[in-house]
Each structure stands twice: as C-alpha cells, then as structure tokens.
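Listed below are the residues making up each chain.
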Amino acid sequence: MAIGWMTILSNVPWSDVISNAPAVADGARKLWKKVASRASTATNTPVSSSGATPEEQIANLQVRVDELHAQMLAASEVVQSLAEQNAQLIARVETNRRRMLALLICNVGVVVFAIITWLR
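Residues numbered from 1 in each chain as written. Predicted model: local features only at pLDDT ≥ 70, side-chain atom pairs only at ≥ 80, totals over all residues. Heavy atoms only, no water.

Caption draft 1: Just the overall build of the protein, in detail. What the protein contains, in helices and strands, is three helices and zero strands. Reading the protein from its N end, one meets helices and strands in the order α-α-α. Across the protein, contacts joining residues at least 24 apart in sequence account for 78% of those joining residues at least 6 apart. Only carbon and sulfur atoms are counted for the fraction: they give 69% of the accessible area of the protein, which is about 9,600 Å². (Helix = DSSP H or I, 4+ residues; strand = E, 2+ residues; numbered from the N terminus. Contact = heavy atoms within 4.5 Å. Areas by Shrake-Rupley, 256 points an atom, 1.4 Å probe, with all protein chains shown as cover.)

Shown next as structure tokens:
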C-alpha cells in the first residue's frame, strides 16, 4: 500500500502546490487575524447593553453584520483558492490514471507477445 501512496505523491504537481501555497497561507492568516480580532472585540463590547437606546443597538448590530460579512468574504476567498488547487490536482490525477491504463495495456500486449513467441 505504501508503494501506491508513493506513486500518487510522486505524481502530484508540487510546483503548482508550492507556487500557490503562499497565497493560501496569506489568505488563511488574514482570515485567522480577522476572526481573532473580532472575537476579542465581541467579548469586550456587548451588543445588548442595558443602557443603549434601540438606535444604538441597531447600529452595533449593523457593525457586527458588516464584520461578519467581511469575514465571510475572506473565508470564501480561501475556500475558492483551495478549490482551484483541488481541481488542478484532480486533473493531474486523472491524466496519470489514463497514462497508467495505457501503460497497463502496452504491458499486457508485450506479455502476450512474449508468451506467443516463447510457445513457438
């Protein structure tokens, strides 16, 4: 089973993975910073304070909605980047599968030819 994994890993387009890794890491870092900063400010500033007027509460809620929307956009960028990399990997794996099938057919042909010539 280890040989199968080594074959798969040797056929991964590592140059593409490595070239896209900084963008994915940067997106993940930005997302993590936004989530961490929002979590710390959310615990420090409660939305439903007892002394706030309804207008202030609505304004606070709108700010939170805007922050959550920005976080969602950042997360979707990271997911989109990962999806593109996944699509590239799947295309490479499919190409390698076709090559392996062609190689198998050629090898079977060579073996059949060798057996036929050996029996004569």
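Now that the structure is up, let's keep going.
Caption draft 2: Broad picture of the pattern of salt bridges. Applying the stated rule across the entire model yields three salt bridges. The closest approach of N and O atoms between Glu 94 and Arg 98, which form a salt bridge, is 3.4 Å. Pair noted here: Glu 94 and Arg 98 are both in helix H3 (residues 54–119), with a separation of four residues, about one helical turn. Each of Glu 94, Arg 97 and Arg 98 takes part in a single network of salt bridges with overlapping partners. (Salt bridge = Lys/Arg side-chain N within 4 Å of Asp/Glu carboxyl O.)

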